[in-house]
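# Observations on the model geometry
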Number of protein chains: 2
Amino acid sequence: MKSDIIVNDRRYQWMNRPVVVVCVDGCQYEYISAAVAAGVAPFLGKLLAGSGTSYLADCVIPSFTNPNNLSIVTGAPPSVHGICGNYFFDRERGEEVMMNDPRLLRAGTIFAAFSDAGAKVAVVTAKDKLRKLLGHQMKGICFSSEKADQVTLAENGITNVVEMVGMPVPSVYSAELSEFVFVAGVKLMERERPDLMYLSTTDYIQHKAAPGTAMANDFYAMMDRNLAQLDQLGAIIVLTADHGMNAKHSEDGQPNVIYLQDTLDGWLGQNRTRVILPITDPYVVHHGALGSFALVYVPEDVDAGALRERIAALPGIEMVLSRLEACDHFELPFDRIGDIVVVSRQDTVIGTNADRHDLSGLEVPLRSHGGVSEQKVPLMVNRQVKTVFPDRRWRNFDAFDLGLNLAR
Amino acid sequence: MKSDIIVNDRRYQWMNRPVVVVCVDGCQYEYISAAVAAGVAPFLGKLLAGSGTSYLADCVIPSFTNPNNLSIVTGAPPSVHGICGNYFFDRERGEEVMMNDPRLLRAGTIFAAFSDAGAKVAVVTAKDKLRKLLGHQMKGICFSSEKADQVTLAENGITNVVEMVGMPVPSVYSAELSEFVFVAGVKLMERERPDLMYLSTTDYIQHKAAPGTAMANDFYAMMDRNLAQLDQLGAIIVLTADHGMNAKHSEDGQPNVIYLQDTLDGWLGQNRTRVILPITDPYVVHHGALGSFALVYVPEDVDAGALRERIAALPGIEMVLSRLEACDHFELPFDRIGDIVVVSRQDTVIGTNADRHDLSGLEVPLRSHGGVSEQKVPLMVNRQVKTVFPDRRWRNFDAFDLGLNLAR
């Protein structure tokens, strides 16, 4: 029995069997309950019926992929690990910075600590952008579906992934990109039996299809089959999500967008303020860079308090916070947050200028995330867990605590 | 306007008027509501009626004086500042250590940081044991009622306190020990006008008298008069408590005590385990070192899980936790916590051996604290506060956040 591992002031017991944490991108709880109700997800159905334990947890705000994946693998909020979106505005350099470089990560991961202590660790992500952050300073296997055909022993700790999985490398906009992750997880468990494994998918399907639709149920049936195999192999499986997902359009199918930079330019003059959408990344086809969370940088001669009240009065806005309020409440890194934080309602997204969003890639009415309306996510484990505190506020970044400490 | 001050990863705005935080020892909320209902606390009455803002906050567990005072002045839980009781058992040295030495403090205080940045800070405590911890590394005025006649400019930043207050130095077991704190606070505000002031009383009265009794109402009337004066002087006043207080006796007036060391000795043999009561300190006359929280140190050859279940089945026990569960949930420092944490119910306390508790000093039926039944405490401020998040879980150690950031 090895001694406990401490990561970011939290303590994790050494595993006595493989522990797998699965982060299902954009997995609003209703996707699971609808697939179970439709009878296409029997493993998850048994788990919900009592063979396992299921909670509703709060994800990190902004409810985006990178902040939440990093919170899950560090067990800590963005104020600790520093990653609070895909983009931030560097106040000192005056430039927008993409946040997918490990140098911007301020905390160690659970993988790095366990692999240092001799655990066999495997990490599989859908997109490669996340792989570099999650794999920072860990030893072991770490690769993405997206670049599964480019793995090397030196960079990824594994070779011949495509052969092992038995699927061609999928398109970055496909359900198969996530399926590749699950199948790889099962194959790795059979062949390598890692002590600790993390599987992180992409939300391409969730952006396109509502819970209970055929497209969504197909995805969750595929997931269910693979999870059942991992369960059969004796792993403790914790399933959670980086964020939920909601429809962001009106009845006619048009997205409900507040073009906040246009609005602020109209009020205060061209580019007096700077609106940053931290959802922005190179893969925008499925959401057009439109989410329910925005940062506003305000020059010193503008009264930020009055501006907050004016923004709060716009239809479709859920809350407007000062930088201090937002950092305090959402546990965000102060130096990477704007002077004003704007969160839109469940059915509304925030854009910059209308002419800067290319919505031609939206083949179906917009579904997206980013706000507090996408904060509730599933947190499930294939074990019965006795907790002393029934009123615990579960976070998705308690996933490793649940898997390593509570589900023995 | 000075820049924000960061203490233990939390950010505090510079005050634009004096901010006073008052920690009323053992102030179960009902003491305030009963005094207001009796008409003897008109200032607090107005505050409750809407001139101010009032929350029910959670204190730190164990609900004892030192852990909570240190949490309030560091803005952080015991896992950060290290002080989790009056006593802990040093596993490495094999000895019980009293935790009132600043060398055991692991975090800086809000006072030290603000005084470093040029703020005028004043701290007044009832007992001297707390004074040394609270005043650690701060510049400014810091003294106790207990030793008010022994102050020096070098040690306390002030002289002639007894003359300033105009009261004789009170007995350490008296209501006057706390009254001295309040009167000193008013005099200091008149004479020195500190930017930041902290007043911390003792719970002698609360251990003796239930809410609404004449003795309790007299105390709260005295407090109300002094708070009204501080309000008149223009200060923002935040009032909170270190812990609540409950009756711990049966109807015949006898204390409900589980003598846990006796019980464990009977089960496992003499002194096989070690029970630590972190309430123990040199001032035990008013509670006999009996509270609702105990630590048990267990030798390696004893099955701690089975022992937890056995203790949990004792009548009067509220919860029994593993060391990891307790540290995780209550945010306690792992190295200073026993293998088992035992919390008794609202009406029950935990002792070691019956012959080690001198209850002869208990002139009235036992009232005490330490458990989760004493976790709810008032958190009030003499300003109307607009909060964006109505469901915020307030902690008593949000007092300076409330006073400096939210009540402008």
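Everything numeric here is computed off the predicted structure, so don't read it as measured data. In this convention, every chain numbers its residues from 1, walking through the sequence in written order. Each chain takes a letter, starting from A, and each ligand takes a number, starting from 1, following the order in which they are written. Per-residue local features are limited, in this predicted model, to residues with pLDDT of at least 70; the limit for side-chain atom pairs, both in listing and counting, is 80 or more; totals at the level of whole chains, interfaces and linings are taken over all residues. By convention in this description, side-chain values take in all heavy atoms of the structure and omit both hydrogens and water.

## Brief notes about unusual backbone geometry
Note the following rule: Each helix is a run of DSSP H or I of at least 4 residues and each strand a run of E of at least 2, with the numbering of both proceeding from the N terminus. Only protein chains enter the accessibility calculation, which uses a 1.4 Å probe; a residue is then buried when its area is under 20% of its type maximum, exposed when over 50%, and partly exposed in between.
Note the cis peptide between Ile61 of chain A and Pro62 of chain A, where omega equals 5°. As for its position among the elements, Pro62 of chain A is in the loop between strand S4 (53–58) and helix H3 (65–74). You will see that Asn271 of chain A, though not glycine, has its phi angle at about 55°, which is positive. Mapped onto the elements, Asn271 of chain A comes out in the loop between helix H12 (260–268) and strand S13 (274–276). In this structure Asn271 of chain A comes out as exposed when scored by relative accessible area, which is 54%. A positive phi angle, near 60°, is found at Gln137 of chain B, a position not held by glycine. Within the secondary structure, Gln137 of chain B sits in the loop between helix H6 (128–134) and strand S8 (141–144). Given the relative accessible area of 60%, Gln137 of chain B is considered exposed.

## Quick word on the relation of the copies chain A and chain B
Rule in force here: In superposing the copies, a least-squares fit is computed on C-alpha atoms, taking residues whose pLDDT is at least 70 in both.
Once turned by 180° and shifted 0.0 Å along the axis, chain A lies on chain B with an RMSD of 0.0 Å. Those values place the two copies in the arrangement expected of a two-fold rotation axis. Rotation axis and chain A: the residue whose C-alpha lies nearest the axis is Arg393 of chain A, separated from it by 5.1 Å.

## Regarding the interface of chain A and chain B
Interfaces are frequently sized by the accessible area removed from exposure as the parts join. Stated formally: By the convention used here, residues are in contact when the closest approach between their heavy atoms is within 4.5 Å. Summed over both partners, the accessible area lost on bringing two parts together, with a 1.4 Å probe, is the buried area. A carboxyl oxygen of Asp or Glu within 4 Å of a side-chain nitrogen of Lys or Arg is what we treat as a salt bridge. Here a polar contact means two N or O atoms within 3.5 Å. Within protein one must be a hydrogen donor candidate and the other an acceptor candidate, and residues neighboring in sequence count only if both atoms are side-chain atoms.
Each partner contributes residues to the interface: chain A has 19 residues there, and chain B has 19 residues. Summed over both partners, the interface of chain A with chain B comes to about 1,600 Å²; 67% of that surface belongs to carbon and sulfur atoms. Of all residues in chain A, the largest losses of buried area upon contact with chain B belong to Arg11, Leu324 and Phe389 of chain A, amounting jointly to 35% of the total for that side. Inspection of the region where chain A meets chain B yields 2 salt bridges. For Arg392 of chain A, the salt bridge goes to Asp328 of chain B, with nearest N and O atoms at 3.9 Å. In this structure, the connection of chain A to chain B is made through 0 residue pairs in polar contact (both at pLDDT 80 or more). Of all the secondary-structure elements, those providing two or more residues to the side of chain A that touches chain B are strand S2 (10–12), strand S15 (317–322), helix H14 (323–330) and helix H15 (399–406) of chain A.

## Describing the nonpolar core
Soluble, globular proteins show a tendency: their nonpolar side chains are buried together. Formally: Only buried Ala, Val, Leu, Ile, Met, Phe, Trp, Tyr and Cys residues count toward a nonpolar core, and they belong to the same one when joined by side-chain atoms within 4.5 Å.
Grouped together as the largest cluster of nonpolar side chains are 137 residues, with contacts concentrated most on Phe114, Phe143 and Leu260 of chain B. Those residues within four positions of Leu260 of chain B in sequence are excluded, and the remaining contacts are Val275, Ala294, Val296, Ile311, Leu314, Val342, Ile350, Gly351 and Thr352 of chain B. Among the nonpolar cores identified, the runner-up in size contains 136 residues, and Trp14, Val123, Cys142 and Ala399 of chain A belong to it.

## Focus: the packing of aromatic side chains
Two numbers describe a pair of aromatic rings. These are the distance of the centres and the angle of the planes. Residue and element names in this part refer to chain A. Stated formally: By convention, a stacked pair of Phe, Tyr or Trp rings (six-membered ring in the case of Trp) has centres within 6.5 Å and planes under 30 degrees apart, an edge-to-face pair has planes over 60 apart, and any other such pair is tilted. To sit over a ring, a charge needs its Lys NZ or Arg CZ within 6 Å of the ring centre and within 35 degrees of the ring normal.
Counted according to the given criterion, the structure contains 22 aromatic pairs over all chains. Ring centres of Tyr198 and Phe400 lie 6.2 Å apart, and the angle between their planes is 35°; this geometry places the pair in the tilted category. Residue Tyr198 is located in strand S9 (residues 196–200), and its partner Phe400 is located in helix H15; the two are separated by 202 residues in the primary sequence. The buried category is assigned to Tyr198, whose relative accessible area is 0%. Through a chain of ring-to-ring contacts, the aromatic side chains of Tyr31, Phe219 and Tyr220 assemble into a single cluster. Its end group placed over the ring of Trp394, Arg392 keeps NZ or CZ at 3.9 Å from the ring centre.

## Side note on the side chain of Thr74 of chain B
Residue and element names in this part refer to chain B. Considering the arrangement of structural elements, one finds Thr74 in helix H3 (residues 65–74). With a relative accessible area of 0%, Thr74 lands in the buried category. Those residues within four positions of Thr74 in sequence are excluded, and the remaining contacts are Val7, Asn8, Tyr12, His81, Ala107, Gly108, Thr109 and Ile110.

## With respect to the domain arrangement of chain A
Residues and elements named next belong to chain A. Under the convention used in this document: Here the bounds of each domain stem from an automatic or database domain assignment.
Per the domain assignment, the segments making up chain A are domain 1 (5–245 + 370–406) and domain 2 (257–366). Each of domain 1 and domain 2 has a C-alpha centre, and the two are 27 Å apart. Carbon and sulfur atoms make up 58% of the surface buried where domain 1 meets domain 2, a total of about 3,200 Å² over both sides. Taken together, the connections running from domain 1 to domain 2 amount to 5 salt bridges. With its nearest N and O atoms 3.2 Å apart, the salt bridge here joins Lys208 to Glu363. At the boundary of domain 1 and domain 2, one finds 10 residue pairs in polar contact (both at pLDDT 80 or more). When contributions to the side of domain 1 that touches domain 2 are tallied by element, the ones reaching two or more residues are helix H4 (78–81), strand S5 (87–90), strand S6 (95–98) and helix H10 (204–208).

## Considering helix H1 (residues 29–37) of chain A
Residue and element names in this part refer to chain A. In plain terms, the rule: Taking the helix axis as origin, the arc is that swept by the directions to the C-beta atoms.
Tyr31, Ile32 and Ala35 are the residues of H1 that are buried. Seen from one end, H1 has its buried residues packed into an arc of 95°, which puts them on one side. Summarising the contacts, the buried residues of H1 are in contact with helix H2 (42–51), H10, helix H11 (214–232), strand S10 (236–240), strand S18 (367–368) and strand S19 (376–381). Two residues or fewer after H1 comes Gly39, characterised by a positive phi angle close to 80°.

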